[in-house]
Amino acid sequence: MLSQFSFSNYKSFKRDAFLDFTAESIKDHEKSVIKDKIDGERFLPVLAIYGPNGGGKSTVLEALQYLSMLLLRPFIMTQMQNDTDFESIVKRSSEMRIKEKYHKFDSECKDMPISFDIMFRTKGKQYRYQISHLHNEILEENLYRLILGEKDTDVIFERTADACALGEGLEEIPVEKMRSSMPLLAHVAINYDIEPVDEVMAWFMDIAFLDYDDSRREKRIFLPKNKKERTKFFEMLQKMDINICEMREEKDAEGKIIGLYAKHVLENGMMYEIPYEEESSGTRKLFSCLTQIMECLKKGTLLIADELDAKLHPKLLQYIIELFTDVKSNRKGAQLLLTSHDITTMSPEVYRRDEIWFCALNPQNASKLYSLVSFKKENGLIPRNDEAYGKQYLEGRYGADPYIRKILNWEAENEP
């Protein structure tokens, strides 16, 4: 599970942005908190980021995806393109991405490193990975491991631009031959079988990203192949008051799908079929993401969803959130990180105060990230767990004002 994630000099964020899934010492929704059985540490199952358009919400999610792909891209390309010169391809694509990602509203940031720092738990261990790079050159990269229940932290490796210290099991790796732009973590995963490195890469590989900025995603249909899970899938739709009980494929003589139909069952028992493309956009969105949600719950992994609330009724969004906050449906400790504009779910009934975060720009066009539980009101106190968070957010009391501040006076504009 994800514990903490921070980054700096990435797009709209100039200074350190810090995201924390560690549960605060508050009594809100205590039963929903994920507790590690080994040491009793408490973590959040859900974290929602709110804020105005352009405030940096999506950038937080993108930063984590960027870090993930920085590590996984070379590894995946070796698996898929063993007979090609993937090294040069990775280098060219990496240079293009890095050039575009530093903070643009301060000219000095162009020559400052982009940095990431992440801490997570997997297989009874806590890992911390850090990486900083500048102009496609890695300046620092570190990997640490703490076996839960023990006191001492193991150094897997520590790397700077000039030196590299390797921990137990990595001593014989010839790092001097490695490209300065290649993450050592990815290099070791590609060429060697080292347990801690494999566990870290597997954790990143298991992260599921749902980005609906790409309209093509909502046109995709993901249905479970397993009969039991497929039945559960349609049962979940029924609980959301979507009376689709099955999907039927129409194929041509060559076996190619030429039509897809949703089977609806009415209260009187009658069944009707509707072409899938005629279903609502919200229903189609559920078909594009519900299977991945089920998979994350089944495996206890991290799901990252940008604007998950788009095209979904607030009750459907709340149902998805509760799949992660209910210990009956989330037995493996899965986590959901999402951005949202939906105010109806921003309430004490749905979220803990430490599960609500805000993102907004300061006057220098630099984003700031902070949680509701860390916000101090005018009287110096933090918001109570019985306040109307959504209403106060709309009133601009939490700093991330969602309203358009300047409205054109159209009457004055049209005066002769």
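Scoring rules and cut-offs
- Residues numbered from 1 in each chain as written.
- Predicted model: local features only at pLDDT ≥ 70, side-chain atom pairs only at ≥ 80, totals over all residues.
- Heavy atoms only, no water.
- Helix = DSSP H or I, 4+ residues; strand = E, 2+ residues; numbered from the N terminus.
- Buried < 20%, exposed > 50% of the residue type's maximum accessible area, 1.4 Å probe, protein only.
- Contact = heavy atoms within 4.5 Å.
- Patch = residues over 30% accessible without salt bridge, like charges linked within 9 Å, V, L, I, M, F, W, Y side chains within 5 Å.
- Areas by Shrake-Rupley, 256 points an atom, 1.4 Å probe, with all protein chains shown as cover.
- Salt bridge = Lys/Arg side-chain N within 4 Å of Asp/Glu carboxyl O.

**Concerning the environment of Ala63**
Locating Ala63 in the fold gives a position in helix H1 (residues 57-80). The exposure class of Ala63 is buried, given its relative accessible area of 0%. When the C-alpha atoms of Ala63 and Tyr10 are compared, they prove to be 7.2 Å apart, with 53 residues separating the residues in sequence. Among residues more than four places away in sequence, those in contact with Ala63 are Phe5, Phe7, Tyr10 and Phe116.

**Some thoughts on a nonpolar patch on the surface**
Together, Leu266, Met270 and Tyr272 make up a nonpolar patch on the protein surface, roughly 280 Å² of accessible area in all. By secondary structure assignment, the location of Leu266 is in the loop between strand E13 (257-265) and strand E14 (271-275). Given a relative accessible area of 36%, Leu266 falls into the partly exposed group.

**Digging into unusual backbone geometry**
Even without glycine at this site, Lys123 takes up a positive phi of about 55°. Looking at the secondary structure, you find Lys123 in the loop between strand E6 (114-122) and strand E7 (125-134). Taking relative accessible area as the criterion, Lys123 reaches 61% and is therefore assigned exposed. A positive phi angle, near 70°, is found at Asn136, a position not held by glycine. Along the polypeptide, Asn136 turns up in the loop between E7 and strand E8 (137-147). Judged by its relative accessible area of 6%, Asn136 is buried.

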